Amino acid sequence: MENGGSSRATMAELQEVQITEEKPLLPGQTPEAAKTHSVETPYGSVTFTVYGTPKPKRPAIFTYHDVGLNYKSCFQPLFQFGDMQEIIQNFVRVHVDAPGMEEGAPVFPLGYQYPSLDQLADMIPCILQYLNFSTIIGVGVGAGAYILSRYALNHPDTVEGLVLINIDPNAKGWMDWAAHKLTGLTSSVAEMILGHLFSQEELSRNSELIQKYRNIITHAPNLENIELYWNSYNNRRDLNFERGGDITLKCPVMLVVGDQAPHEDAVVECNSKLDPTQTSFLKMADSGGQPQLTQPGKLTEAFKYFLQGMGYMASSCMTRLSRSRTASLTSAASIDGNRSRSRTLSQSSESGTLSSGPPGHTMEVSC
């Protein structure tokens, strides 16, 4: 933990970080400046990278990646996307690397006790205290989505919003464990993680994207560390979300999953357990298991709209959706007809449907 003087010094350091992008990225442009920090926590050291400078009365965008990835391989295609530049000019952002996942990380010694997902969530207050940041908008994928959700349950006053991609809020049941163990007998750790990240259809097609990520994971110098993170994910506890109960996310939430993605059923179930007046559900067609990699444009537009619903970026033009003549609005009922209606966003290459804004209302996207 850092004391107040260190926090002030850190803020002085952060003031030196300048956003170099004033317009969407163009070929040959230099990416914005970044500063990487490490902080000690009760569960070990954690590394994170800060882009931009703190904005008055605005939260930080705070990301957490999935198993098999680090912040760059998980989020770079999204945050370097041209239309995303309008967002990142308005927010400082913090990209966390789970312990041992940062580039150049040494392999943990044999027998090292890797933190549980709950303990990884308990590291976040140390990061925010170090940076002297008071509130965040979390963006998490897979294991990272779980970690940010756990943090939000423990510290609701510090989380203004959550974008949760591929979240599975449930602990593994015994049948899941049996299937996991059987798969482990015939598949390598790298192949099991690929099956967690991508759909079987994607893996069968073996596109250039799949080949790239298969190579990244299979030949990762820290593969032993990745396996420890993987084991912690598979040993996660149930988040015990309950619609109308005491255990729920208090902030606006956007749930995201690809159509036919490995975690589609889990995300649909999660949507049924959260407050429908606070939750938007985005099911993206043609996006596979990692929509932030395959459909950064659609996800950027949805993220902008989500931020507008929270009262930020009110003057932002939703250019991509407004250019589409087929953009339309919907409010879809949940599976149980007696349940409240929840906000749903489904997108494909042919059409897009969107509902958000204030709870229970829809807003037309235009500029």
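Residues numbered from 1 in each chain as written. Predicted model: local features only at pLDDT ≥ 70, side-chain atom pairs only at ≥ 80, totals over all residues. Heavy atoms only, no water.

Asker: Could you clarify how one ought to interpret the pattern of salt bridges in this entry?
Answerer: Pairing is possible between side chains that carry opposite charge, provided their charged atoms lie close to one another. Tallying each qualifying case throughout the model produces ten salt bridges. Glu201 is paired through a salt bridge with Arg205; the nearest N and O atoms lie 3.0 Å apart. Here the residue Glu201 and the residue Arg205 both occupy positions in helix 9 (residues 200–205), the gap between them amounting to four residues, near one helical turn. Exposure remark for Arg205: the relative accessible area of 54% places this residue in the exposed category. For Glu269, the salt bridge identified is with Lys273, shortest N-O distance 3.1 Å. In this pair, Glu269 and Lys273 both sit in helix 12 (residues 264–273), four residues apart, roughly one turn of the helix. Judged by its relative accessible area of 22%, Lys273 is partly exposed. (Salt bridge = Lys/Arg side-chain N within 4 Å of Asp/Glu carboxyl O. Helix = DSSP H or I, 4+ residues; strand = E, 2+ residues; numbered from the N terminus. Buried < 20%, exposed > 50% of the residue type's maximum accessible area, 1.4 Å probe, protein only.)

Asker: Is there a simple way to explain helix 10 (residues 208–218) in this structure?
Answerer: Three or four residues apart is the spacing at which side chains of an α-helix point the same way, because the helix has 3.6 residues per turn. The complete set of buried residues in helix 10 reads Ile210, Tyr213 and Ile217. Considered in projection along helix 10, the buried side chains sweep an arc of 75° and stay on one side of the axis. In this structure, the buried residues of helix 10 make contact with helix 2 (71–79), helix 8 (189–197), helix 9, helix 11 (223–234) and helix 13 (291–294). (Arc of directions from axis to C-beta. Contact = heavy atoms within 4.5 Å.)

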